Amino acid sequence: MSGIAENLGKVADRIEAACARAGRDPATVELIAVSKTCPVDSLREAVDAGQLQFGESKLQEAECKITLLPSHVRWHFIGRLQRNKVRKLLPQFAVIHAIDSFRIAAFTDEVARESGLFPKVFLQVNVGGEVSKGGFEPDELRSEIGGLLALKRLETMGLMCIPPAGSNAEAARPWFIMLRNLRDELEADNGVFLPFLSMGMSDDYEVAI
Ligand SMILES: *Cc1c(COP(=O)(O)O)cnc(C)c1O
């Protein structure tokens, strides 16, 4: 067994244990392997071990890997979405994780229409109100959600956050709770369905679950 297959097995065990603690069905959790900066051979090993979802944050780096890996791999764009990259990104990525303003959402919707696509997207929330991070402020999202969901070319999957850096994994918990509560509130107030939360990284994915 390759080192990567072994590590994926350990992560799967930890996901299962975290789900047991949280009373969740492991089938409701999806692992996106963040493959930015990793060589394509490592991705091939991961694919051979059954990992078919990868996260990339730079278009150019991703494009090279996308051409070299099987077409059933699903690519997630987790980087900051730049206007001038949207047209090239959309046909290559299954999911865009960081729609961080109404303006970029509306532009992505327009490009999707021109391209004949219905991209899956997440709305990024700046939970910690950090100037260094992108995303909607919670109040901003409360007032703009109606307009965002009216962009019919975008299939809005849910909310995404990158919490402020903390000293340990547990420090992220209040921010994850905040995102989940905001999601529940938006669903209840707007009669909409935002089924997924995109959150958790290597250090805190069990807390996110
Ligand atoms: C790099 C990156 C990750 C992965 O971080 P790890 O700590 O390596 O898990 C997750 N999300 C985003 C948005 C990233 O840019």
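Up top you'll find the structure we're talking about.
Keep in mind the model is a prediction, meaning the values are calculated, not measured. (Residues numbered from 1 in each chain as written. Predicted model: local features only at pLDDT ≥ 70, side-chain atom pairs only at ≥ 80, totals over all residues. Heavy atoms only, no water.)

Caption draft 1: Structural view of helix H7 (residues 173-190). Between the first and last C-alpha of H7 there are 26 Å, a value that for 18 residues agrees with the 26 Å anticipated at 1.5 Å per step. Along H7, the residues that are buried comprise Phe176, Leu179, Leu182, Arg183, Leu186 and Glu187. Down the axis of H7, the smallest arc covering the buried residues is 130°, so these residues share one side. Opposite the buried face of H7, at more than 90 degrees from it, the exposed residues are Pro174, Ala188 and Asp189. In the core, the buried residues of H7 are packed alongside helix H6 (138-149), strand S6 (155-160), strand S7 (196-198) and helix H8 (205-208). With its phi angle positive at about 60°, Gly191 sits one or two positions after the end of H7. (Helix = DSSP H or I, 4+ residues; strand = E, 2+ residues; numbered from the N terminus. Expected span 1.5 Å × (residues − 1). Buried < 20%, exposed > 50% of the residue type's maximum accessible area, 1.4 Å probe, protein only. Arc of directions from axis to C-beta. Contact = heavy atoms within 4.5 Å.)

Caption draft 2: The arrangement of the site of the ligand in detail. Taken together, the neighbourhood of the ligand is formed by Val34, Lys36, Ile78, Ile162, Met201 and Ser202. Between the ligand and Lys36, the relevant distance is 2.6 Å, taken from an oxygen atom to a side-chain nitrogen or oxygen of the residue. Considering the ligand on its own, with 390 Å² of exposed area, one finds that the protein chains cover 68% of that surface. Of the residues assigned to the shell around the ligand, the class counts are four nonpolar, one polar and one charged. (Near = heavy atom within 4 Å. Polar contact = N/O pair within 3.5 Å; in protein donor to acceptor, adjacent residues only side chain to side chain. Areas by Shrake-Rupley, 256 points an atom, 1.4 Å probe, with all protein chains shown as cover. Nonpolar A, V, L, I, M, F, W, Y, C, P; charged D, E, K, R; others polar.)

Caption draft 3: Quick look at the sheet that holds strand S4 (residues 95-99). Spatially, seven strands are ordered S1-S2-S3-S4-S5-S6-S7 in an open sheet, and the strand pairing comes out parallel. Looking at strand neighbours, the two that pair on one side only are strand S1 (33-34) and S7, the edges of this open sheet. As defined by bridge partners, strand S5 (residues 120-124) adjoins S6 across five bridges and the pair is classed as parallel. From the neighbouring strand, Lys120 faces S6, where its bridge partner is Glu155. (Pairing = 2+ DSSP bridges.)

Caption draft 4: Representation of the state of the cysteines within the structure. Under the defined criterion, the tally for this structure stands at zero disulfides. The thiol sulfur of Cys38 is not disulfide-bonded, and the nearest other cysteine sulfur, from Cys64, lies at 13 Å. Judged by relative accessible area, Cys38 falls into the partly exposed class, the value being 29%. (Disulfide = S-S within 2.5 Å.)

Caption draft 5: Representation of the packing of H6 against H7. It is at 11 Å that the axes of H6 and H7 come closest, and there the two elements cross at 25°. Judged on the interaxial angle alone, H7 and H6 are roughly parallel. Here H6 runs over H7; the crossing is right-handed. Here Pro138, Leu141, Arg142 and Ile145 of H6 come into contact with H7, specifically with Leu182, Glu185, Leu186 and Asn190. (Axes fitted to C-alpha atoms, helices over the stretch in contact; angles between N-to-C directions. Parallel < 35°, antiparallel > 145°, perpendicular 65-115°, else oblique. Left-handed = near helix turned anticlockwise from the far one by under 90°.)

Caption draft 6: A look at the packing of aromatic side chains. Summed over the entire model, instances satisfying the criterion amount to two aromatic pairs. Residues Phe77 and Phe93 carry aromatic rings whose centres are separated by 5.3 Å and whose planes lie at 80° to one another, so their mutual orientation is edge-to-face. On the criterion of sequence distance, the pair formed by Phe77 in strand S3 (residues 74-77) and Phe93 in the loop between helix H4 (86-89) and S4 is long-range, its members being 16 residues apart. We classify Phe77 as buried; its relative accessible area is 3%. Across the ring face of Phe107, the terminal group of Arg83 is positioned such that the distance to the ring centre comes to 3.9 Å. Above the ring of Phe118, the side-chain terminus of Arg153 is found at 4.0 Å from the ring centroid. (Phe/Tyr/Trp six-rings, centres within 6.5 Å; stacked < 30°, edge-to-face > 60°. Lys NZ or Arg CZ within 6 Å of the ring centre and 35° of its normal.)

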